[in-house]
Amino acid sequence: MSDIKSVLVENRSFPPSREFSESSRVASTEEYEALYKRADEDPEGYWSEVASELHWHKTWEQVLHWELPDAKWFVGGETNLAYNCLDHQITKGLGDKTAILFEGEPGDVRKLSFSELHAEVCRFSNALLGMGVVSGDRVAIYLPMIPEAAIAMLACARIGAIHSVIFGGFSAGSLSDRIADAGISTVITADGGYRRGSVLELKKNVDEALEKTPVERVIVVQRCKNEVNWDNERDHWYHDLMAAASSEHQAPALDSEHPLFILYTSGTTGKPKGILHTTGGYMCGVYQSTKLVFDIKDDDIFWCTADVGWITGHSYVVYGALLNGTTTLMYEGAPNHPEPDRFWELIAKHKATILYTAPTAIRAFMRWGDTWPDKHDLSSLRLLGTVGEPINPAAWEWYRERIGGNRCPIVDTWWQTETGSIMVSPLPGAIATKPGSCTRALPGVSIKIVNREGQPCDTNAGGFLVIDKPWPSMLRTIYGDHERFTKTYFGEIDGVYFAGDGARCDEDGYFWVMGRVDDVINVSGHRLSTMEVESALVSHPQVAEVAVVAKPDALKGQVIVAFVTPMGGVETSDALAIELRQHVAKEIGALARPEEIRFADALPKTRSGKIMRRLLRDLASGTKVQGDVTTLEDASVLSALAAQHDEDSDEA
Ligand code: WT7
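The rules behind each value
- Residues numbered from 1 in each chain as written.
- Predicted model: local features only at pLDDT ≥ 70, side-chain atom pairs only at ≥ 80, totals over all residues.
- Heavy atoms only, no water.
- Buried < 20%, exposed > 50% of the residue type's maximum accessible area, 1.4 Å probe, protein only.
- Helix = DSSP H or I, 4+ residues; strand = E, 2+ residues; numbered from the N terminus.
- Contact = heavy atoms within 4.5 Å.
- Polar contact = N/O pair within 3.5 Å; in protein donor to acceptor, adjacent residues only side chain to side chain.
- Phe/Tyr/Trp six-rings, centres within 6.5 Å; stacked < 30°, edge-to-face > 60°.
- Near = heavy atom within 4 Å.
- Nonpolar A, V, L, I, M, F, W, Y, C, P; charged D, E, K, R; others polar.
- Salt bridge = Lys/Arg side-chain N within 4 Å of Asp/Glu carboxyl O.
- Axes fitted to C-alpha atoms, helices over the stretch in contact; angles between N-to-C directions.
- Parallel < 35°, antiparallel > 145°, perpendicular 65-115°, else oblique.
- Pairing = 2+ DSSP bridges.
- Right-handed = clockwise from strand over helix to strand, strands pointing away.
- Core = buried A, V, L, I, M, F, W, Y, C linked by side-chain atoms within 4.5 Å.
- Domains from an automatic or database assignment.
- Buried area = accessible area lost by both parts, 1.4 Å probe.

1. Quick notes on helix 16 (residues 393-403)
Part 1: Residues Ala 395, Trp 396, Trp 398, Tyr 399, Arg 400 and Ile 403 constitute the buried set of helix 16.
Part 2: Buried residues in helix 16 make contact with helix 13 (342-350), strand 18 (354-357), helix 14 (359-368), helix 15 (371-374), strand 19 (383-387) and strand 20 (410-413).

This is the structure in structure tokens:
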């Protein structure tokens, strides 16, 4: 954990929106305060009321069993998440309402009503069962953003198979690591997916991944009709299975703590962590947060732009929206294809009412210019959201003005793969917003800013963001490594969940998240570990040693800079730098490709041999090297690196 510098920014404030106050569920600051207080005094009472709004095959006997770090929620209760997303909505009379509104990158549109989606999910559940997939099996989903991704997730949830969605941008290598770690029996993929006009060859990556880590079966959705290799023993077309399967399926009662999914995310070591979520608690967390934060109304068209390969896609594209009987808009492709106004065109065409996206995307739109959003009628929008990284006030204000027409409140939502659902966010009718602050904790969520010893920090003093009470949608473990779970999240500061973020709390009780305090890098809202990128680089035969650091970036938030010491006798060149960047993309995925490679004869180390990353961070960001360098083993290394940097910046 490094120390936190607290930076104060201008404190502008926008009052809660009146239109929201009239109709919203939490309609004023006083109402929020009262609800928060009530939930804080009696979290179990609060969460059991939330849970009672959902369907349970069997009611729980105990709301919470908490033995730090292990939580069990709704103990003895039985439910089914897919039943709640589908059957339960149909019972409520929403059968004909559009559940998924899909647009592919080429412009193809598909609508699935709750009844149609239910039938597809039942069919696929039967298909999986028919092939021998049983409750508790691990199933990998490596698909583009198409309805089949949601169908596959829901079918797994329905039969009790544990899904692990792997983002389509990950390489064959990353795929096979995850397949091995989770002990996957079945992979669901597609022949391809569309991205910026070309076809992303997913099946090909799966074939390559499975050379190292074989699985029992592969199910292939036909999306692009491109040619794929076929293994008759192992591979099955999705459409063949669906044609043969019945659309009748009774959702079984699953234990509240039945494992629901594993989602891999980067930690501080080279090995990604398989974050495990379970059924009942996760369901309550995403249901309630969607309802309160997005102030869901019957006629909403909710567009969360995240890919289902990330937690945001799980919790808000699929589960949170459907649990609230909301129409969820799913878009397959890039925001700037064929032109930089694709998002605005989609909003105008489908009359989206809520847009939930990442600060990086907003900054890219800003850069592309106002003419693109200005060409379209965005008046259907009533609420805007952001997630994934701190948003700079300039981007926040642009978003509010140009996209929201100064009319739509912005909800800046702080949470993590591990928290399962939104933890800190304004409620649009109740909490005044300030650009750059994610504001207040949701009812039932207890956030504190503390120092290393766990003592509360003073107002506006930087500290560590911790959660000091269990919450229903919290992760239960790191799959296959409970010890790492305990150590990572409950071993840093005594008795509380350690989020890994630095933050401060202002005089109004508003939280300002400043970013990671560990070796996690946040590139465009995607989490990467420095060690993961380092191990990819050292696997290249011409690399001897490497240190990876983050550098602040106006568009992506942070970018990766890699300091590389080549093997003896290797000539460094621009071509080698390009090759190394490509190598990382091939090993992990394009999202991990370093922005810059800097060659160095040696890396600055302490006398005990530890690489001094702090110095490299300063060098990478072009700031003067600060602080104590007296522990540096060989000071000439630093001056050589600094001199090289000066040359580089002269060229620029
Ligand atoms: C990390 C979690 C949760 C969905 C997407 C990312 C950063 C997330 C915010 C926000 C400032 C944020 C944190 C956090 N983060 N939301 N509103 N303001 N920072 O999930 O990949 O698990 O990453 O993203 O650093 O720890 P994730």
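Now, onward.
2. Describing the environment of Gln 89
Part 1: Note on placement: Gln 89 falls in helix 5 (residues 87-94).
Part 2: Setting aside residues up to four positions removed in sequence, Gln 89 forms contacts with Asn 84, Leu 94, Gly 95, Phe 114, Leu 322, Leu 323, Asn 324 and Gly 325.
Part 3: Within polar-contact distance, the side chain of Gln 89 engages the backbone oxygen of Leu 323 at 3.0 Å.

3. Comments concerning the packing of aromatic side chains
Part 1: According to the stated counting rule, one finds 33 aromatic pairs in the structure shown.
Part 2: For the pair Trp 230 and Trp 237, a centre-to-centre distance of 4.5 Å together with 20 degrees between the ring planes defines the contact as stacked.
Part 3: Judged by relative accessible area, Trp 230 falls into the partly exposed class, the value being 31%.
Part 4: You can call Trp 237 buried: its relative accessible area is 19%.
Part 5: Ring centres 6.3 Å apart and planes at 85 degrees place the aromatic pair Trp 303 and Tyr 331 in the edge-to-face group.

4. Structural notes on the site of the ligand
Part 1: Taken together, 17 residues are adjacent to the ligand, and Asp 412, Thr 413, Thr 417, Asp 501 and Arg 527 come closest.
Part 2: With respect to the ligand, the backbone of Glu 389 contributes an N or O atom lying 3.4 Å from a nitrogen atom.
Part 3: The contact in question runs from an oxygen atom of the ligand to an N or O atom on the side chain of Arg 516, over 2.9 Å.
Part 4: Going through the elements one at a time, helix 12 (311-323), strand 20 and strand 25 (511-516) are the ones with two or more residues in the shell around the ligand.
Part 5: Taken together, the residues of the shell around the ligand sort by class into six nonpolar, six polar and five charged.

5. Quick look at the pattern of salt bridges
Once their charged atoms are close, side chains differing in charge can pair, the charge on each being opposite to the other.
Part 1: Enumeration according to the criterion identifies 39 salt bridges in this entry.
Part 2: With a closest N to O distance of 3.7 Å, Glu 418 and Lys 273 form a salt bridge. Separated by 145 residues along the polypeptide, Glu 418 in the loop between strand 20 and strand 21 (447-450) and Lys 273 in strand 15 (residues 273-278) bring together distant segments of the chain.
Part 3: Taking the relative accessible area as the measure of exposure, Lys 273 reaches 4% and is therefore buried.
Part 4: In this structure, Asp 295 engages Arg 382 in a salt bridge whose closest nitrogen and oxygen atoms are separated by 3.6 Å. Taken together, the positions of Asp 295 in the loop between helix 11 (279-293) and strand 16 (301-304) and Arg 382 in the loop between helix 15 and strand 19 put the pair 87 residues apart, joining distant regions of the chain.
Part 5: Overall, Asp 295 belongs to the buried group, its relative accessible area being 2%.
Part 6: Through salt bridges with shared partners, a single network forms among Lys 203, Asp 207, Arg 234 and Asp 235.

6. With respect to the packing of helix 3 (residues 43-52) against helix 11
Helix-helix packing is characterised by the crossing angle of the two axes and by the distance between the axes.
Part 1: The N-to-C vectors of helix 3 and helix 11 enclose an angle of 85 degrees; their axes lie 10 Å apart at closest approach. One element, helix 3, and the other, helix 11, form an angle in the roughly perpendicular class. On helix 11, the residues touching Tyr 46, Trp 47, Val 50 and Ala 51 of helix 3 are Cys 284, Gly 285, Tyr 287, Gln 288 and Leu 292.
Part 2: A breakdown of the residues in the contact of helix 3 with helix 11 according to their chemical character gives seven nonpolar, two polar and no charged.

7. Describing the pairing of strand 6 (residues 138-142)
Part 1: In terms of residue burial, strand 6 counts as a mostly covered element, since four of its five residues are buried.
Part 2: Both strand 6 and strand 7 (residues 162-165) contribute to a ladder of four bridges, which runs parallel. Paired with Ile 141 across the bridge in strand 7 is Val 165.
Part 3: Crossover handedness for the path strand 6 to helix 7 (residues 147-159) to strand 7: right-handed.
Part 4: Across five bridges, strand 6 lies against strand 8 (residues 184-190) in parallel orientation. By the bridge assignment, Arg 138 is partnered in strand 8 with Ile 184.

8. Remarks on the sheet that holds strand 4 (residues 98-103)
Part 1: The mixed open sheet is built from seven strands, whose spatial order is 5-4-17-16-18-19-20. The two strands at the open ends of the sheet, each matched to only one other strand, are strand 5 (109-113) and strand 20. Across the sheet, the mean angle separating the axes of adjacent strands is 20 degrees when strand polarity is ignored.
Part 2: In the sheet, strand 4 pairs with strand 5 via five bridges, with the strands oriented antiparallel. When the sheet's bridge partners are listed, Thr 98 is paired in strand 5 with Ser 113.
Part 3: Packed onto the sheet, helix 7 meets strand 4, strand 5 and strand 17 (327-331) and runs at close to 30 degrees relative to strand 5.
Part 4: Lying over the sheet, helix 13 contacts strand 4, strand 5, strand 16, strand 17 and strand 18, oriented at roughly 140 degrees with respect to strand 4.

9. Points about the sheet that holds strand 24 (residues 497-505)
Part 1: Taken together, four strands build an open sheet; the order of strands is 21-22-24-25 and the sheet is antiparallel. Among the strands making up the open sheet, the edge pair consists of strand 21 and strand 25. The mean angle between the axes of side-by-side strands here comes to 45 degrees, regardless of whether they run parallel or antiparallel.
Part 2: As paired elements, strand 24 and strand 25 share five bridges and run antiparallel to each other. Within the sheet, the bridge partner assigned to Asp 501 lies in strand 25 and is Arg 516.

10. Some remarks on the environment of Ser 28
Part 1: If you trace the backbone, Ser 28 turns up in the loop between helix 1 (18-23) and helix 2 (29-41).
Part 2: A relative accessible area of 21% means that Ser 28 is categorised as partly exposed.
Part 3: In the structure, Ser 28 is positioned 577 residues away from Lys 605 in sequence and 55 Å away in space, judged by C-alpha atoms.
Part 4: Sequence-distant contacts of Ser 28, that is, excluding residues within four places in its chain, are made with Gly 429 and Ala 430.

11. Some points on the pairing of strand 22 (residues 463-467)
Part 1: Counted residue by residue, strand 22 has five buried out of five residues, so it is predominantly covered.
Part 2: As paired strands, strand 21 and strand 22 are joined by four bridges and run antiparallel to one another. Counterpart to Ile 449 in the pairing with strand 22 is Leu 465.
Part 3: Note: strand 22 against strand 24, four bridges, orientation antiparallel.

12. Side note on the nonpolar core
Nonpolar side chains in soluble globular proteins tend to be buried together.
Part 1: Within the largest apolar cluster, 167 residues are counted, with the highest numbers of intra-cluster contacts made by Leu 117, Phe 124, Leu 154, Phe 294, Tyr 319, Trp 414 and Ile 447.
Part 2: Residue contributions to this core reach at least three from each of two domains, namely domain 1 (87-252) and domain 2 (520-651).
Part 3: When neighbours within four sequence positions are excluded, Phe 294 is seen to be in contact with Ser 289, Phe 302, Tyr 316, Ile 354, Tyr 356, Arg 382, Leu 383, Val 411 and Ile 422.
Part 4: Trp 344, Leu 346, Ile 391 and Tyr 399 belong to the second largest nonpolar core, which has 27 residues in total.

13. Here's the deal with the domain arrangement of the protein
Part 1: What the domain assignment reports for the protein is domain 1 (87-252) and domain 2 (520-651).
Part 2: Here the C-alpha centre of domain 2 lies 38 Å away from the C-alpha centre of domain 1.
Part 3: Across the contact, six residues belong to domain 1 and seven residues belong to domain 2.
Part 4: Summed over both partners, the interface of domain 1 with domain 2 buries about 430 Å², with 47% contributed by carbon and sulfur atoms.
Part 5: Contact with domain 2 buries surface across domain 1, with Phe 167, Phe 170 and Ser 171 losing the most and accounting together for 57% of the total.
Part 6: The residue Lys 586 makes a salt bridge to Glu 208 at a minimum N-O spacing of 3.4 Å.
Part 7: Between the two partners, domain 1 and domain 2, sit five residue pairs in polar contact (both at pLDDT 80 or more).
Part 8: Within the side of domain 1 that touches domain 2, the residues separate by chemical class into one nonpolar, four polar and one charged.

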